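Chain residues, written in single-letter form:
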Amino acid sequence: MADQMSSDYFSCPLCTELLKDPVAIPCGHSFCMDCISGYWNEADYTGIYICPQCRITFTQRPVLRPNATLTKVAEKIKKTGLNLNLMPPSNGSFAGPGDVPCDYCTGKKLKAVKSCLNCLASYCEKHLKPHYESATFKRHKLVDELGNLDRKICPHHQKSLELFCRTDQMCICALCTVSEHKGHDIVSAEAERGEKQKLLGVSQAEIKQKCQQRTKELEELKTAVDSLKSSAQRAMTESKKMFDEMITSIERMRSEVTKLININEKAAFNQAEGLMERLEQEIDELKKKETGLKQLYSTEDHIHFLQNFNYLCTPTDDGFLPRVSLNPEFSFSAARKAVAEIKERLEELGREELRKVTKSVNEVPVYTLENRTKEKGIRVREVHTVDSAPPAEPRSRTEFLKYYCQLKLDHHTAHKELFLSEGNKKVIRTRDLQPYSDSQERFDSFAQVLCREALSGGRFYWEIEWSGEFSIGVAYRGISRKGKGSLCLLGYNDKSWSLLCSDSGYSAWHDRVDKSVSGPHSSRIGVYLDHPAGVLAFYSIGETMTLLYRFEATFTEPLYPGFGVGTSVKICQLK
């Protein structure tokens with residue numbers, strides 16, 4: 001019929017629906033962009049990419065290129081509403097990535113239901129019928145579908161493996177008995193299985209016993225862990241209570257010292273205030289007398305002068321008000337010094353007692369491990385204790401490499417101008433937009449990309465090579481991805497820290513605050529992260545390793561390495 005055509009041409013082998021955003025891979029097969037991208041994302045950690053249809057293997061992730069012809073055909077099919085018969089047939093289902101396909105299906109293969117050990121092939125329900133209906137296949141042995149049937153063929157003679165050589169402990173074909181295995185102890189595969197199957201009972205009993213023993217150990221370990229948790233919780237609760245009491249005691253002491261200083265300050269102030277008031281009164285009286293004297297001196301009335309002379313010229317009584325002498329050495333420095341001595345003693349006592357606590361905790365074994373091997377009657381015991389003292393911070397590049405972590409770029413976050421390659425280890429900025437799907441995690445305004453790995457609870461080190469102006473840093477998962485605001489830029493918000501690198505120099509950024517950084521120019525930058533200690537450091541890597549800038553912060557969430565790409569960035573393989 002004109003309105004029907006095979007689903008093999010226009011359906012995606014993975015989702016079995018009409019192709020959406022069809023792309024072609026090097027072997028010629030076509031898939032939906034999202035389907036093949038998701039399928040290969042799961043293979044990124046292995047670095048081996050397989051065509052889901054023909055099983056061809058690619059050592060590097062192929063670049064997905066849109067199939068313009070299929071795109072136009074798919075759009076026309078949607079508009080015209082043609083019947084593509086895309087539903088799976090009623091007598092079977094299409095083979096998925098983890099299924100065994102039928103060896104006799106052409107085009108899109110159905111899932112196999114049986115494998116023939118004589119034909120060394122797998123069949124769907126339709127192509128299996130001759131084995132049930134034809135006398136030719138009556139003696140063939142059918143089993144549940146098996147993969148890798150080529151392992152049932154002799155690699156030297158291309159014949160079925162039917163015999164077992166006890167001399168060489170391997171499966172062989174009939175021709176092997178007159179060539180490589182001539183004169184060996186040879187029996188049928190069925191007979192050898194019968195002998196070996198007797199040993200399974202012994203192995204099963206041993207495994208069962210070991211399983212029971214391990215289960216008992218597991219339950220004991222769980223009980224010990226629960227007890228350990230309870231003990232730790234009780235210790236923390238009681239420690240908190242005692243520290244709270246010590247803090248209360250210190251607060252009470254602080255209150256008493258503050259009260260004492262306030263009382264003395266107030267008493268001194270009240271006394272001085274009374275003296276100041278009396279001095280001000282006497283000053284006013286003296287000023288009035290001074291004014292009268294000036295007027296008396298200039299008067300021309302002799303009688304007035306004589307009548308007021310005795311009153312105005314009578315000397316003032318200096319004994320009426322005591323003389324005020326200030327003590328230049330008076331201050332509350334003695335109180336400050338006493339409090340400082342208390343602080344030093346408390347800190348010294350705290351450090352000494354903390355060392356005792358640390359030693360007592362570290363020397364108590366959490367559990368012991370015993371080697372199960374009983375060679376020469378010796379049982380090796382390995383004692384595990386809690387080590388709360390972190391190792392010293394690395395100083396040389398060799399020490400930094402101990403914390404090397406492998407990183408891969410997350411294409412779900414990559415801006416559409418960024419092209420990822422070399423197994424998501426390299427990113428290049430291009431003028432052409434990449435056919436990435438829209439997602440909430442993708443940066444839509446700035447050419448940035450994050451890595452997949454969430455770094456937390458330890459130390460990590462990585463190096464990159466760069467060209468063109470770029471930024472390198474870390475960010476919380478909650479960094480904004482949409483819009484042109486500074487909340488999306490690495491280092492321009494409180495969710496990220498970054499080092500901006502260019503041919504003219506460096507600058508460190510966090511929460512829109514930048515600090516100029518001096519250091520040797522290098523096309524390779526090393527990054528060291530100590531998440532628990534709150535340390536993020538950047539190094540210029542050349543003949544020597546030079547510290548460029550060091551952030552010290554409190555990291556409250558896992559951190560994702562990220563890049564703002566000017567030209568290109570490559571994550572270096574260090575091991």
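From a predicted model like this one, the values you see are computed outputs, not experimental measurements. (Residues numbered from 1 in each chain as written. Predicted model: local features only at pLDDT ≥ 70, side-chain atom pairs only at ≥ 80, totals over all residues. Heavy atoms only, no water.)

Caption draft 1: How the structure looks around the overall build of the protein. Scanning the protein from terminus to terminus reveals eight helices and 26 strands. Residues counted as buried form 28% of the 575 residues belonging to the protein. Total accessible area on the protein is roughly 38,600 Å²; 54% of this is exposed by carbon and sulfur atoms. (Helix = DSSP H or I, 4+ residues; strand = E, 2+ residues; numbered from the N terminus. Buried < 20%, exposed > 50% of the residue type's maximum accessible area, 1.4 Å probe, protein only. Areas by Shrake-Rupley, 256 points an atom, 1.4 Å probe, with all protein chains shown as cover.)

Caption draft 2: Molecular detail of the nonpolar core. Within the largest apolar cluster, 40 residues are counted, with the highest numbers of intra-cluster contacts made by Trp462, Ile464, Ile472, Leu499, Leu536 and Phe563. No other element matches the four residues that strand β17 (residues 459-467) contributes to this core. Apart from residues no more than four positions distant in its own chain, Phe563 is found in contact with Leu409, Ala447, Gln448, Val449, Cys451, Ile464, Phe470, Ser471, Ile472, Leu490, Val569 and Ile571. (Core = buried A, V, L, I, M, F, W, Y, C linked by side-chain atoms within 4.5 Å. Contact = heavy atoms within 4.5 Å.)

Caption draft 3: Just the packing of helix α5 (residues 189-298) against helix α6 (residues 302-313), in detail. Contact pair α5 / α6: the axes reach a minimum separation of 10 Å and the direction vectors enclose 155°. By the angle between their axes, α5 is roughly antiparallel relative to α6. As α5 runs across α6, the sense of the crossing is left-handed. Side by side, α5 and α6 meet where Lys289, Gly292, Leu293 and Leu296 of the first sit next to His304, Phe305, Asn308, Phe309, Tyr311, Leu312 and Cys313 of the second. Here the residues of the contact of α5 with α6 are counted per class, giving seven nonpolar, three polar and one charged. (Axes fitted to C-alpha atoms, helices over the stretch in contact; angles between N-to-C directions. Parallel < 35°, antiparallel > 145°, perpendicular 65-115°, else oblique. Left-handed = near helix turned anticlockwise from the far one by under 90°. Nonpolar A, V, L, I, M, F, W, Y, C, P; charged D, E, K, R; others polar.)

Caption draft 4: Spatial organisation of the packing of aromatic side chains. Applying the stated criterion across every chain, the model contains twelve aromatic pairs. Judged by centre distance (5.5 Å) and plane angle (80°), the rings of Tyr476 and Trp497 are edge-to-face. Here Trp497 lies in strand β19 (residues 496-502) and Tyr476 lies in the loop between β18 (470-475) and β19, a separation of 21 residues in the sequence. The residues Tyr476 and Trp497 share a single accessibility class, namely buried. Considering the side-chain rings of Tyr549 and Phe551, the 4.9 Å spacing of their centres and the 70° angle between planes classify their relative orientation as edge-to-face. When its relative accessible area of 18% is taken as the criterion, Tyr549 is described as buried. What links up through ring pairs into an aromatic cluster is the set Phe400, Tyr403, Tyr461, Tyr528 and Tyr539. (Phe/Tyr/Trp six-rings, centres within 6.5 Å; stacked < 30°, edge-to-face > 60°.)

Caption draft 5: Looking closely at the pairing of strand β26 (residues 568-571). Where strand β15 (residues 426-429) meets β26, three bridges bridge the pair, whose relative direction is antiparallel. Paired with Ile428 across the bridge in β26 is Ser568. (Pairing = 2+ DSSP bridges.)

Caption draft 6: Representation of α6 in the model. Relative to the 16 Å expected for twelve residues at 1.5 Å per residue, α6 spans 16 Å between its end C-alpha atoms, a close match to the ideal helical length. Among the twelve residues of α6, one are classified as buried, and the element is accordingly described as predominantly exposed. You can read the cap of α6 off the contacts: a side-chain oxygen lies 3.1 Å from the backbone nitrogen of Ile303, and it is on Asp301. (Expected span 1.5 Å × (residues − 1). Polar contact = N/O pair within 3.5 Å; in protein donor to acceptor, adjacent residues only side chain to side chain.)

Caption draft 7: Representation of the pattern of salt bridges within the structure. Counted by the stated rule, this structure contains 16 salt bridges. The closest approach of N and O atoms between Arg459 and Asp530, which form a salt bridge, is 3.0 Å. In this pair, Arg459 sits in strand β17 while Asp530 sits in strand β22 (residues 524-530), placing the two residues 71 residues apart along the sequence. Accessibility assignment for this pair places Arg459 and Asp530 in one class, buried. A salt bridge links Glu552 to Arg550, with the shortest nitrogen-to-oxygen separation between them at 3.0 Å. Note on Arg550: relative accessible area 30%, which makes it partly exposed. Bridged by salt links that share partners, the residues Arg397, Glu463, Glu465 and Arg524 form one connected network. (Salt bridge = Lys/Arg side-chain N within 4 Å of Asp/Glu carboxyl O.)

Caption draft 8: Spatial organisation of a nonpolar patch on the surface. The grouping of Ile250, Met253, Ile342 and Leu346 at the surface amounts to a nonpolar patch, some 310 Å² of accessible area in total. Looking at the nonpolar patch, the elements that each hand over two or more residues are α5 and α7 (333-362). Relative to the helices and strands, Leu346 resides in helix α7. A residue is classified by how much of its surface remains accessible, and Leu346, at 42% relative accessible area, is partly exposed. (Patch = residues over 30% accessible without salt bridge, like charges linked within 9 Å, V, L, I, M, F, W, Y side chains within 5 Å.)

Caption draft 9: Broad picture of the sheet that holds strand β25 (residues 560-564). In space, the six strands of this open sheet follow the order β16-β25-β18-β19-β20-β21, with antiparallel pairing throughout. Two strands in the sheet have a free side with no partner beyond their single neighbour: β16 (448-450) and β21 (513-517). Between one strand axis and the next, the sheet turns by 20° as a mean value, whatever way the strands run. Sheet topology note: the strand β20 (residues 505-510)/β21 ladder contains five bridges and is antiparallel. Each residue of the ladder has a partner; that of His510, found in β21, is Val513.

Caption draft 10: Region of interest: the sheet that holds β22. Here we have seven strands laid out as an open sheet, ordered β14-β15-β26-β17-β22-β23-β24, and antiparallel in their pairing. In this open sheet, the two strands that pair with only one neighbour each are β14 (418-421) and β24 (545-552). Strand-to-strand twist across the sheet, computed as the mean angle between neighbouring axes with direction ignored, equals 20°.

Caption draft 11: Molecular detail of unusual backbone geometry. Although it is not a glycine, Asp21 sits at a positive phi angle of roughly 50°. Positionally, Asp21 belongs in the loop between α1 (7-10) and β1 (22-24).

Caption draft 12: Structural detail: α5. Among the residues of α5, Glu192, Gly292 and Leu296 are the ones counted as buried. Contacts made by the buried residues of α5 are with β9 (163-165), β11 (186-188) and α6.

Caption draft 13: Region of interest: a negative patch on the surface. A surface patch of negative charge is lined by Glu273, Glu277, Glu280, Asp284 and Glu285. Here Glu285 lies in helix α5. Residue Glu285 is classed as exposed on the basis of its relative accessible area, which comes to 57%. (Lys, Arg positive; Asp, Glu negative; His and termini not counted. Charge placed at Lys NZ, Arg CZ, Asp CG, Glu CD.)

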